[in-house]
Amino acid sequence: CGGPRRRRRRRERPCGFSATAAKTVAVPVERLFDVIVDETQRSRWLPDVELRERTSTKLRSARFDVDDGATRVIFGFEAKGDAKSLVALEHERLPSAEEAERMKARWRARVATLKELLER
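Residues numbered from 1 in each chain as written. Predicted model: local features only at pLDDT ≥ 70, side-chain atom pairs only at ≥ 80, totals over all residues. Heavy atoms only, no water.

It is not clear to me how the environment of Phe75 should be interpreted in this structure. Could you clarify?
Looking at the secondary structure, you find Phe75 in strand β5 (residues 71-79). Residue classification places Phe75 among the buried positions, given a relative accessible area of 0%. With residues up to four places along the chain from it excluded, the contact list for Phe75 reads Ile36, Trp45, Leu51, Arg60, Ser61, Ala62, Phe64, Val87, Ala88, Leu89 and Trp107. (Helix = DSSP H or I, 4+ residues; strand = E, 2+ residues; numbered from the N terminus. Buried < 20%, exposed > 50% of the residue type's maximum accessible area, 1.4 Å probe, protein only. Contact = heavy atoms within 4.5 Å.)

Right under this line is the structure:
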């Protein structure tokens, strides 16, 4: 990270590019947090990505290394009532703007699958 200061491109951060996604889901925040943090439950909606938990704060946030550890995903959670909650994520340290765009589409599809799974 770091290096000389310069004007950044869209989605560019000091340590690379990032992709974001968010979704409101009709379940309590406890359920949403568990389905993301618990590896067995997560594999139901995110079967093709290996996440290794770095740290989490119950019902607030969870940070993961992705696959080989070169990139990270940070999930944030917010209760929107007793039976509705929001998950927002940022996939950071991506190598290029093109990869950030690709990952943005991928994460949007994955959180849509998560919503569908939980609201059945």
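Looking at this structure, I do not really get the packing of aromatic side chains. What am I missing?
Describing an aromatic ring pair means giving the distance of the ring centres and the angle of the ring planes. Scanning the model with the defined rule gives 3 aromatic pairs in all. Aromatic side chains Phe33 and Phe77 sit 5.2 Å apart centroid to centroid with 70 degrees between the ring planes, which places their arrangement in the edge-to-face category. Remark: Phe77 occurs in strand β5 and Phe33 occurs in helix α1 (residues 29-37); sequence separation between them is 44 residues. Taken individually, Phe33 and Phe77 each receive the classification buried, so the pair is uniform in this respect. Geometrically, the ring pair formed by Phe75 and Trp107 is edge-to-face, given 6.1 Å between the ring centres and 85 degrees between the ring planes. Placement of the pair is Phe75 in strand β5 and Trp107 in helix α3 (residues 97-118), with a sequence separation of 32 residues. With relative accessibility at 2%, the residue Trp107 sits in the buried group. Among the aromatic residues, ring-to-ring pairing joins Phe64, Phe75 and Trp107 into one connected group. (Phe/Tyr/Trp six-rings, centres within 6.5 Å; stacked < 30°, edge-to-face > 60°.)

How do you make sense of unusual backbone geometry when you look at a structure like this?
Most peptide bonds take the trans form, and the phi angle of most residues other than glycine is negative. With a phi angle near 65 degrees, Leu59 is a residue other than glycine that sits in the positive phi range. Mapped onto the elements of the fold, Leu59 is located in the loop between β3 (51-57) and β4 (61-66). At Asp67, a residue that is not glycine, the phi angle is positive and equals roughly 45 degrees. By secondary structure assignment, the location of Asp67 is in the loop between β4 and β5. We classify Asp67 as partly exposed; its relative accessible area is 39%.

Is there a simple way to think about the nonpolar core in this case?
Taken as a class, soluble globular proteins show a tendency for nonpolar side chains to be buried jointly. Counting residues in each nonpolar core, the largest one holds 32 residues, and the members touching the most others are Leu32, Ile36, Trp45, Phe75, Phe77 and Trp107. Within the residue set of this core, elements represented by two or more residues are β2 (16-25), α1, β4, β5, β6 (85-94) and α3. Per-element accounting of this core gives the leading share, 8 residues, to α3. Those residues within four positions of Trp107 in sequence are excluded, and the remaining contacts are Ala21, Trp45, Leu46, Val73, Phe75, Leu89 and His91. (Core = buried A, V, L, I, M, F, W, Y, C linked by side-chain atoms within 4.5 Å.)

Looking at this structure, I do not really get the environment of Ala79. What am I missing?
With respect to the helices and strands, the residue Ala79 is situated in strand β5. The exposure class of Ala79 is partly exposed, given its relative accessible area of 46%. Remark: the alpha-carbon pair of Ala79 and Leu32, spanning 47 residues in sequence, is separated by 9.6 Å.

I'm lost on the pattern of salt bridges in this one. Help?
Opposite charge on two side chains permits them to pair, given that their charged atoms come into close proximity. Under the counting rule described, the total for this entry stands at 8 salt bridges. Two residues, Arg52 and Glu50, come together in a salt bridge whose shortest N-O distance is 3.1 Å. Of the residues examined, Arg52 reaches a relative accessible area of 32% and is grouped as partly exposed. Residue Glu50 is classed as partly exposed on the basis of its relative accessible area, which comes to 44%. A salt bridge links Arg72 to Asp65; the nearest nitrogen and oxygen atoms lie 3.5 Å apart. Classification of Asp65 as buried rests on a relative accessible area of 14%. If you follow the salt bridges from partner to partner, you end up with Arg54, Asp65 and Arg72 in one network. (Salt bridge = Lys/Arg side-chain N within 4 Å of Asp/Glu carboxyl O.)

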